[in-house]
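Structure at a glance
Chain by chain, the residues:
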Amino acid sequence: MFKKILIANRGEIACRVIKTARRMGIATVAVYSDADARAPFVQMADEAVHIGPAPAAESYLLAEKIIAAAKQTGADAVHPGYGFLSERASFVEALDEAGIAFIGPPASAIAAMGDKIESKKLAEQAGVNVVPGSGGAIADTAEALEWANRIGYPVMMKASAGGGGKGMRLAWNDQDVKDGFEATQREGLNSFGDERVFIEKFIEDPRHIEIQVLGDKHGNLIYLNERECSIQRRHQKVVEEAPSPFVSPEMRRKMGEQSIALARAVDYHSAGTVELIVSGADKTGDSFFFLEMNTRLQVEHPVTEAITGVDLVEQMIRIAAGERLAMTQDDVKIDGWAIENRVYAEDPYRGFLPSIGRLVHYDPPVEPWASDAEAYDGRGVHVDGGGIRVDDGVREGGEVSMFYDPMIAKLVTWGETRDAAADLQVQALDAFRISGVGHNVDFLSAIMQHPRFRSGELTTGFIAEEYPDGFTGAAADDHLKRELAAIAGVVATVDEDRAGRIDQKLAERTPPTGDWTVRLGGRDYEIVMEEDAITVDGVEIELAMEYTPGDRMIEVEVGERTMTVQLALMRTGYRLTTRGAAHEVRVLPTRIAALAEHMIEKVPPDLSRLLICPMPGLLVKLHVEEGETVQPGQPLATVEAMKMENILRAEKEGIIASIKAGEGDSLAVDEVILELE
């Protein structure tokens, strides 16, 4: 077995590998850039080596620096995590030349599966179902149009070396191909150093299913069931679960056998994932098609661990050390249900724009996985937390940087049933306190409660179809609003009582009481606080809670239910956040509320004539010039943020009066790019 492992990665996956290595008694080495000098994974490792500036191209993507760090510290193996160098065959070959083991598959398998065009050919030869497509790289837009019409719309344009949702464009017609082909080439070149693009048929009503495979160096291969990853935004996975609510035992067997056949065809060992696209309209179990094989650990691997009890990182280490698999296909079971939500630094209330900055507050619902090995069971979920696992690589006071992926944490829940796992997600998300950066916790909670998610009727278009006009918070019924109004009344009464006691120099007073008018969601609720009862619009409500002025999170018992509510003070009330929405609540004494209706409302300024940068990023391209007339929907500028290109379009007809920024400029959030007449 290895004595020391270097982790050629950062953030939560570096922490994840370190924890398993520590449990196995293996020393660890972290490598870090300038931006990560004080990151948790650096402090967790036994040793740490600085490898360069913040940009990944000058640090984490430089194989020679990683290998030099391994030699310097005497590491006898390298775990690549995911992303960065994890699927670069040349890195594996360089490690082999240096006499350092790679905890992953052989270079030949990475090379074969890393090229989407060649991997598709190999899959077809191995007897795996494949999607109709061009079969090779396309030279230019004209050829792309020919192929698109030959295959039939809709089609997907994909960068050959792409992944993680980058370098992909969906085209429904010729205009989409004309608009998107060159952009796909640029994303492929900028993100992966390869501008080759191919086209394949887009499967309508598609579900994204993937099979986890595991193989040793002695020819033993098994599959550890499937994961469903259909809920995506811009081809980036948001929610993953295992098993899939769609896959039948027979379909699982067929998918697994084809995945093993492909892995065997490239002499695969280590953990790997075969990604499949499945037609949701076909219940026969045969309409699944090969997308790609990820020759590395997947971000969503914890859900597989949760239902099988197999630590995939441990297995990767043992396989790399030459050990045989200690299990067979018959040993692989499905125990319960697991769901993973990716908590991102993005603002769903502003079109999911990336958010960077300092984590002023960061408090997950349980301590990160395996920080205390005795508190976790074989599924990797927290015993006291009732089946909750958090994988993260941040801490309060740390920074979410513009240089790397915006993921803050992965929240994993396990339950006996799918509904139980989803219910636990809602509870845990309510208790996930993050401030300082925008985050998608409310959005994730809304998905977990959505009737369509609960029914299991999922496709990769779920988010676009269910939130076509953007996200404004999970819907709250009148019952929940009445409860929140009552909670606001309790908080206001306690706050007023504290202020009164201070005025009277902390003299003893009778239990606090009061009459309040609470405005929530455009409606007024009349709250009466008595010594032994709370009424909302004259109806008594059973509510129990402990609140001390200054608390920012409170546990509330309403009847037989318990919910967590996050509280923020506002000028005339509070912001109450729970169950996927932030509710701004105005709380006024009843005698004053009527007078407030006579206050003049301040009208916000009209910013529609300005094109404002919605997120920090790089101005890649200006599509217009001063004096040019533009129409609604016309592209005005392209801003790159978090490695993704975002096209900013005109909202109305106008003439470009002035341009305030130039191509290549780094823009701050809300910075003006141009002005229209």
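Let me sum up the structure you'll find in this document. No experiment lies behind these values; they were computed from the predicted model shown.

What counts, and at which threshold
- Residues numbered from 1 in each chain as written.
- Predicted model: local features only at pLDDT ≥ 70, side-chain atom pairs only at ≥ 80, totals over all residues.
- Heavy atoms only, no water.
- Helix = DSSP H or I, 4+ residues; strand = E, 2+ residues; numbered from the N terminus.
- Buried < 20%, exposed > 50% of the residue type's maximum accessible area, 1.4 Å probe, protein only.
- Contact = heavy atoms within 4.5 Å.
- Patch = residues over 30% accessible without salt bridge, like charges linked within 9 Å, V, L, I, M, F, W, Y side chains within 5 Å.
- Areas by Shrake-Rupley, 256 points an atom, 1.4 Å probe, with all protein chains shown as cover.
- Salt bridge = Lys/Arg side-chain N within 4 Å of Asp/Glu carboxyl O.
- Lys, Arg positive; Asp, Glu negative; His and termini not counted.
- Charge placed at Lys NZ, Arg CZ, Asp CG, Glu CD.
- Pairing = 2+ DSSP bridges.
- Axes fitted to C-alpha atoms, helices over the stretch in contact; angles between N-to-C directions.
- Right-handed = clockwise from strand over helix to strand, strands pointing away.
- Core = buried A, V, L, I, M, F, W, Y, C linked by side-chain atoms within 4.5 Å.

1. Some remarks on the environment of Asp-537
As for its placement among the helices and strands, Asp-537 is situated in the loop between strand 25 (534–536) and strand 26 (539–540). Overall, the relative accessible area of 29% leaves Asp-537 in the partly exposed class. Taking the C-alpha atoms as reference points, Asp-537 and Ile-527, separated by ten residues in sequence, lie 6.4 Å from one another. Residues in contact with Asp-537, not counting those within four places in the same chain, are Arg-482, Arg-523, Asp-524, Tyr-525 and Glu-526.

2. A closer look at a negative patch on the surface
A contiguous patch of negative charge, built from Asp-515, Glu-526, Glu-530, Glu-531, Asp-532, Glu-540, Glu-542 and Glu-560, is present on the exposed surface. Here Glu-540 shows up in strand 26. The exposure class of Glu-540 is exposed, given its relative accessible area of 58%.

3. A word on the sheet that holds strand 2 (residues 27–33)
Backbone-to-backbone hydrogen bonds join strands into a sheet, with any given pair of strands oriented parallel or antiparallel. Read across the sheet, five strands follow the order 3-2-1-4-5 without closing on themselves; strand pairing throughout is parallel. Strands at the two margins of the open sheet, each flanked by one partner only, are strand 3 (47–52) and strand 5 (101–102). Across four bridges, strand 1 (residues 4–7) lies against strand 2 in parallel orientation. Across the sheet, the residue bridging to Leu-6 is Val-29, located in strand 2. Helix 3 (residues 63–73) rests against strand 1, strand 2, strand 3 and strand 4 (77–79) of the sheet, and its axis sits at about 150° to strand 3.

4. Quick word on the pairing of strand 2
Successive side chains on a regular strand alternate, one facing one side of the sheet and the next facing the other. In terms of burial, strand 2 is a largely internal element, six of the seven residues being buried. Between strand 1 and its parallel partner strand 2, the chain crosses via helix 1 (residues 11–23), and the hand of that crossover is right-handed. Note: strand 2 against strand 3, five bridges, orientation parallel. Opposite Tyr-32, over in strand 3, you have His-50 as the bridge partner.

5. Description of the nonpolar core
By size, the foremost hydrophobic cluster in this structure holds 64 residues, and its most contacted members are Leu-6, Phe-41 and Phe-91. For Phe-41, the contacting residues outside a window of four places in its chain are Asn-9, Arg-10, Gly-11, Ala-14, Cys-15, Ile-18, Ala-30, Val-31, Tyr-32, Asp-36 and Tyr-60. In terms of nonpolar packing, the next biggest core, distinct from the first, is built from 39 residues, Ile-434, Val-441, Met-448 and Ile-463 among them.

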